[in-house]
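Read off the chains here:
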Amino acid sequence: MKKISNKIKEIYIGYKRYFFMLMILILFVYIVGSENGLIDLYKTYSNIISIEDEIDNLIRENVRLKKEIKNYDTNLFYIETLAREKLGLVKEGEIIYRDVDGKKRY
């Protein structure tokens, strides 16, 4: 009788181990692969990093544009240079020389 009860205990302990390992495996799969699991957490973290980089780039662009606006408001030489380069304007009495390539020279 003792042999049978010992054998039953061994089988019970064996099943208990397998059940425990199965539960750990199920818990691991749930933590990693569920809707709010580690994979989604990593994707969200990567998304946050890229958005922060984009924000930094936009802040730098904003600072550059503010400086450019300030130049438009205060720096007459800057405005004149832009008018010459972008609009092709010249001062009164100024002579324009053109290269054979067609480039303007002041």
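Below, the structure is looked at part by part.

## Digging into the overall build of the protein
- Helix and strand counts for the protein come out as three helices and two strands.
- The N-to-C order of helical and strand elements in the protein reads α-α-α-β-β.
- For the protein, with 106 residues in total, the buried portion stands at 6%.
- Across the protein, the fraction of contacts at a sequence separation of at least 24, relative to all contacts at a separation of at least 6, is 0%.

## Things to note about the pattern of salt bridges
- What the rule picks out here adds up to three salt bridges.
- Ionic pairing is found between Glu-61 and Arg-64, a salt bridge with its closest N-O pair at 2.7 Å. Remark: Arg-64 and Glu-61 occur in helix H2 (residues 38-74); sequence separation between them is three residues, near one turn of the helix.
- Residue classification places Glu-61 among the partly exposed positions, given a relative accessible area of 36%.
- Linking Glu-80 and Arg-84 is a salt bridge whose minimum nitrogen-to-oxygen distance equals 3.2 Å. Separated by four residues within a single helix, Glu-80 and Arg-84 lie in helix H3 (residues 76-87), roughly one turn from each other.
- Among the charged side chains, a network of salt bridges with common partners joins Glu-61, Arg-64 and Glu-68.

## Some thoughts on the packing of H2 against H3
- H3 packs onto H2 with a crossing angle of 100° between their chain directions and a minimal axis gap of 6 Å. Considered as vectors, H2 and H3 are oriented roughly perpendicular to each other. Across the interface between the two elements, Glu-68, Asn-71, Tyr-72 and Thr-74 from H2 touch Leu-76, Tyr-78, Ile-79 and Leu-82 from H3.
- Split into classes, the residues belonging to the contact of H2 with H3 amount to five nonpolar, two polar and one charged.

Calculation rules
- Residues numbered from 1 in each chain as written.
- Predicted model: local features only at pLDDT ≥ 70, side-chain atom pairs only at ≥ 80, totals over all residues.
- Heavy atoms only, no water.
- Helix = DSSP H or I, 4+ residues; strand = E, 2+ residues; numbered from the N terminus.
- Buried < 20%, exposed > 50% of the residue type's maximum accessible area, 1.4 Å probe, protein only.
- Contact = heavy atoms within 4.5 Å.
- Salt bridge = Lys/Arg side-chain N within 4 Å of Asp/Glu carboxyl O.
- Axes fitted to C-alpha atoms, helices over the stretch in contact; angles between N-to-C directions.
- Parallel < 35°, antiparallel > 145°, perpendicular 65-115°, else oblique.
- Nonpolar A, V, L, I, M, F, W, Y, C, P; charged D, E, K, R; others polar.

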